[in-house]
Amino acid sequence: TWYLSPNPITSTQTSTLVLTTGLNTPIGTQALTVTAYSGILTRTARANLTIYPVSRPDLLIESLTVIPTTPTVKNNFTITLTLKNEGNAAATAPFTTGLYLASTLPLTTALPILHWTIDELAAQTTITVSGQYSLSQTGVHTFYAQIDPLNRITELNETNNSSGPHPVRFDP
């Protein structure tokens, strides 16, 4: 997007062209041609605009495992999540990760059955978190995991923070 500041201008003023790029703007140098028309006068200026990559974290759930793979009701089972920061910057503020027992996304109204607080996650690194839980009903139960559900971290991609469905069968 763009705008002129100030706008409009008079013949004795100058104006600044302000360009705003988005996350999908290609990285690199782009040639710009700006042409201004004012009555009978025309002015053209050429310039290069260099777009640099944004440094931000990108948090995601790399894997979810349940041990034992077929748990039995009323006995603890272990859930392990592998969390990854695929971004080019560290996530330096505390954020949470939650495990949900839900049938569908989004998880906006569900409360996590387990949750973890992560203080920091460096760029291009993974960590694992684990917890135990038990269920009292047999059958197939569906789990989802979500990293940074409160959007405390500004990321390169905010749409890849959920993992699931992960159906798990529970025997008597």
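What counts and how
- Residues numbered from 1 in each chain as written.
- Predicted model: local features only at pLDDT ≥ 70, side-chain atom pairs only at ≥ 80, totals over all residues.
- Heavy atoms only, no water.
- Helix = DSSP H or I, 4+ residues; strand = E, 2+ residues; numbered from the N terminus.
- Buried < 20%, exposed > 50% of the residue type's maximum accessible area, 1.4 Å probe, protein only.
- Contact = heavy atoms within 4.5 Å.
- Areas by Shrake-Rupley, 256 points an atom, 1.4 Å probe, with all protein chains shown as cover.
- Phe/Tyr/Trp six-rings, centres within 6.5 Å; stacked < 30°, edge-to-face > 60°.
- Pairing = 2+ DSSP bridges.
- Axes fitted to C-alpha atoms, helices over the stretch in contact; angles between N-to-C directions.
- Salt bridge = Lys/Arg side-chain N within 4 Å of Asp/Glu carboxyl O.
- Patch = residues over 30% accessible without salt bridge, like charges linked within 9 Å, V, L, I, M, F, W, Y side chains within 5 Å.

Regarding the overall build of the protein chain
Point 1. Per the secondary structure count, the protein chain includes zero helices and eleven strands.
Point 2. Counting only C-alpha atoms and orienting by the principal axes, one finds that the protein chain spans roughly 85 × 30 × 25 Å.
Point 3. Every one of the 172 residues in the protein chain was classed for burial, and the buried ones make up 28%.
Point 4. For the protein chain, contacts bridging at least 24 residues in sequence account for 62% of all contacts bridging at least 6.
Point 5. Total accessible area on the protein chain is roughly 11000 Å²; 52% of this is exposed by carbon and sulfur atoms.

Focus on the packing of aromatic side chains
Point 1. Per the stated rule, a full pass over the model turns up four aromatic pairs.
Point 2. Centre to centre, the rings of Phe77 and Phe170 are 5.1 Å apart; their planes meet at 70 degrees, and the pair counts as edge-to-face. Taken together, the positions of Phe77 in strand 6 (residues 77–85) and Phe170 in strand 11 (residues 162–170) put the pair 93 residues apart, joining distant regions of the chain.
Point 3. What makes Phe77 buried here is its relative accessible area of 0%.
Point 4. Classification of Phe170 by relative accessible area gives buried; the value is 1%.
Point 5. Through a chain of ring-to-ring contacts, the aromatic side chains of Phe77, Tyr133, Phe143 and Phe170 assemble into a single cluster.

Overview of the sheet that holds strand 6
Point 1. Ordered by their spatial adjacency, three strands build an open sheet running 5-6-9, and the pairing between neighbours is antiparallel. The open sheet has two free edges, formed respectively by strand 5 (59–67) and strand 9 (125–133), since each of these has just one partner strand. Ignoring strand direction, the axes of neighbouring strands in this sheet form an average angle of 20 degrees.
Point 2. Two strands pair when backbone bridges link them, and strand 6 and strand 9 are joined in this way by nine bridges, in the antiparallel orientation. Looking at strand 9, one finds that Thr80 is bridged to Ser130.

As for the pattern of salt bridges
Point 1. Counted under the stated rule, the structure contains three salt bridges.
Point 2. As a salt-bridge pair, Glu86 and Lys84 come within 4.0 Å of each other at their nearest N and O atoms.
Point 3. One continuous salt-bridge network, built from bridges that share partners, spans Glu62, Lys84 and Glu86.

Here we look at the sheet that holds strand 7 (residues 95–101)
Point 1. With antiparallel pairing, four strands are arranged side by side in an open sheet as 8-7-10-11. Each end of this open sheet is capped by a strand with a single partner; those strands are strand 8 (114–118) and strand 11. Neighbour-to-neighbour, the strand axes of the sheet open up by a mean angle of 15 degrees, direction not taken into account.
Point 2. As defined by bridge partners, strand 7 adjoins strand 8 across five bridges and the pair is classed as antiparallel. From the neighbouring strand, Thr96 faces strand 8, where its bridge partner is Thr117.

Regarding a nonpolar patch on the surface
Point 1. The grouping of Leu17, Leu19 and Val34 at the surface amounts to a nonpolar patch, some 200 Å² of accessible area in total.
Point 2. Structurally, Leu19 can be placed in strand 2 (residues 16–19).
Point 3. Its relative accessible area of 37% is what places Leu19 among the partly exposed residues.

Keep in mind these values describe shape, not function.
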